[in-house]
Structure formats: structure tokens, C-alpha cells
Amino acid sequence: IAVITTLPCLFICSSIGHVLGSELTCHYAHDRSYWLNDATRHRIGDNCELMKAPLSDFLPAGDTGSSELLDRFLEYVDGQGLALYPAQEEAILELFEGQNVILNTPTGSGKSLAAFALHFAALARGRRAGYTCPIKALVNEKWMALCREFGPERVGLVTGDATVNRDAPVLC
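Cut-off values and rules
- Residues numbered from 1 in each chain as written.
- Predicted model: local features only at pLDDT ≥ 70, side-chain atom pairs only at ≥ 80, totals over all residues.
- Heavy atoms only, no water.
- Axes fitted to C-alpha atoms, helices over the stretch in contact; angles between N-to-C directions.
- Helix = DSSP H or I, 4+ residues; strand = E, 2+ residues; numbered from the N terminus.
- Parallel < 35°, antiparallel > 145°, perpendicular 65-115°, else oblique.
- Left-handed = near helix turned anticlockwise from the far one by under 90°.
- Contact = heavy atoms within 4.5 Å.
- Nonpolar A, V, L, I, M, F, W, Y, C, P; charged D, E, K, R; others polar.
- Salt bridge = Lys/Arg side-chain N within 4 Å of Asp/Glu carboxyl O.
- Buried < 20%, exposed > 50% of the residue type's maximum accessible area, 1.4 Å probe, protein only.
- Expected span 1.5 Å × (residues − 1).
- Phe/Tyr/Trp six-rings, centres within 6.5 Å; stacked < 30°, edge-to-face > 60°.
- Pairing = 2+ DSSP bridges.
- Core = buried A, V, L, I, M, F, W, Y, C linked by side-chain atoms within 4.5 Å.

## Side note on the packing of helix α4 (residues 111-124) against helix α5 (residues 136-150)
Link 1 in the chain: Close contact between α4 and α5 brings their axes to 12 Å; oriented N to C, the two are set at 50 degrees. Classified by the interaxial angle, the pair formed by α4 and α5 is oblique. With respect to the hand of their crossing, α4 and α5 are arranged in right-handed fashion. Residues Ser112, Phe116, His119, Phe120 and Leu123 of α4 pack against Lys142, Ala145, Leu146, Glu149 and Phe150 of α5.
Link 2 in the chain: Tallied by class, residues from the contact of α4 with α5 come to 6 nonpolar, 2 polar and 2 charged.

Now the structure itself:
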């Protein structure tokens, strides 16, 4: 199981570790960047929105290597009109190679995109991944974003007062 949290830095876990980004000065730093909320859609005309392809559309049909997973994820990123920052790129490369990563970068620097890369890799490899936040509202918001990107059948939610799809491969 991989676990992602938005306590002070984002800790992403898949096997053994690396520390990326700025010098590690804390164990966690609060991340309130939700790149998916604004970057996953664009306006056409006055009244209509066109959603870009969800990340689930890029999941491979069968077993695939790290380089093909990376290519598919980068195709998704490009389709969102995004470009990776160096720390994101390094973190995502390490995650796709099965390494643990502590990404200690400023708020708004794209830690959530690296987290989505890990969820993508976990789903592609038939594994489970978790996302945790210190505030229930943040968990709910991330859960909705993950449902948009991977489909509600793949994403569950467990809080102190609600449980939805607890056996899903991605759990908030």
C-alpha cells in the first residue's frame, strides 16, 4: 500500500526512500494545491465546459514496464497543458521505479501531481494507494478529484463518520 498525505510535506511511499526538492527541514509541510480543480478543464464559449481526458483513460490494459507507464502519464500531463517542474519530474521518475519519495517543496509547487502519478502507477500495477490529509474537508476535496480522474469505482473514502467503497484500490 502506498500512502500520500498533505500534512506538512507530501510523503509518497512505494518501497525504499529518496528525499527530493528542497532540503528536508520538516517531516511534513501543509500543501493546499489542488492542481486538478483548475487544470482539468477549460472553457469553450460562454456556458459550456469540456473536460479533458481523465487519467484513467491512460491506464494500460495489461502489464507494462515503468517507461511505458511514464510515457502514458506524461501524455496525460501534456494533455492537461502542464509542464513538470524539475522536482516533480525527479519524484515521478523515482516513484515509477518503485522508490519512496519525500517531496519537500513549497505550497503550490505540484506535489499533488506527483501523488496522482503514484496513484496511476499503483492502479496500473494492481496495487492499492492511499491519500490522507489532516482536515476532513481536504480529504473530501481530494476524494472528488480522484474520482474524476480514476472513476468512483476505483476510489474509496474513509473518515471518522463516513465510509464509501472501502475496498477500492485508491483510498482517501
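So that's the structure; there's more coming.
## Focus: the pattern of salt bridges
Link 1 in the chain: One pass over the full model with this rule turns up 3 salt bridges.
Link 2 in the chain: Taking the shortest distance from any N to any O, the salt bridge between arginine 72 and glutamate 68 comes out at 3.0 Å. On the criterion of helical spacing, the pair formed by arginine 72 and glutamate 68 is a turn pair, its members being 4 residues apart in helix α2 (residues 66-79).
Link 3 in the chain: Assessed through its relative accessible area of 24%, arginine 72 is described here as partly exposed.
Link 4 in the chain: Exposure remark for glutamate 68: the relative accessible area of 35% places this residue in the partly exposed category.
Link 5 in the chain: Residue glutamate 153 is joined to arginine 154 by a salt bridge in which the shortest nitrogen-to-oxygen separation is 3.9 Å.
Link 6 in the chain: Looking at glutamate 153, the relative accessible area reads 53%, which means it is exposed.
Link 7 in the chain: A relative accessible area of 27% places arginine 154 in the partly exposed class.

## Quick word on α4
Link 1 in the chain: Here α4 is 14 residues long and its end C-alpha atoms lie 20 Å apart, about the 20 Å a rise of 1.5 Å per residue gives.
Link 2 in the chain: Of all 14 residues in α4, 14 are buried; the element is thus mostly enclosed.
Link 3 in the chain: In the segment just after α4, glycine 126 is the residue with positive phi, at about 70 degrees.

## Considerations on the packing of aromatic side chains
Link 1 in the chain: Going through the model one piece at a time under the given rule, you end up with 6 aromatic pairs.
Link 2 in the chain: Seen in terms of ring centroids, phenylalanine 58 and tyrosine 76 are 5.7 Å apart; in terms of plane orientation they differ by 70 degrees. Their pairing is edge-to-face. With phenylalanine 58 in the loop between β5 (48-51) and α2 and tyrosine 76 in helix α2, this pair connects stretches of sequence that are 18 residues apart. Like phenylalanine 58, the residue tyrosine 76 is buried in the burial classification.
Link 3 in the chain: Ring pairing ties together the aromatic residues Phe58, Phe73, Tyr76, Phe96 and Phe120, which thus form one cluster.

## Observations regarding the pairing of strand β8 (residues 155-158)
Link 1 in the chain: Where β8 lies against strand β10 (residues 170-171), 2 bridges are found, and the strand directions are parallel. When the sheet's bridge partners are listed, glycine 156 is paired in β10 with leucine 171.
Link 2 in the chain: Following β8, the chain reverses through 4 residues before pairing antiparallel with strand β9 (residues 163-164).

## What about the nonpolar core?
Link 1 in the chain: Counting 36 residues, the largest nonpolar core has Leu55, Phe73, Ile92, Phe96, Phe120, Leu146 and Phe150 as its most contacted members.
Link 2 in the chain: If you list the elements that add at least two residues to this core, you get α2, α3 (86-96), β6 (99-104), α4, α5 and β8.
Link 3 in the chain: Top contributing element to this core by residue count: α4, with 10 residues.
Link 4 in the chain: What leucine 146 contacts, discounting residues up to four positions off in sequence, is Phe116, His119, Tyr131, Gly151, Val155, Val170 and Cys172.

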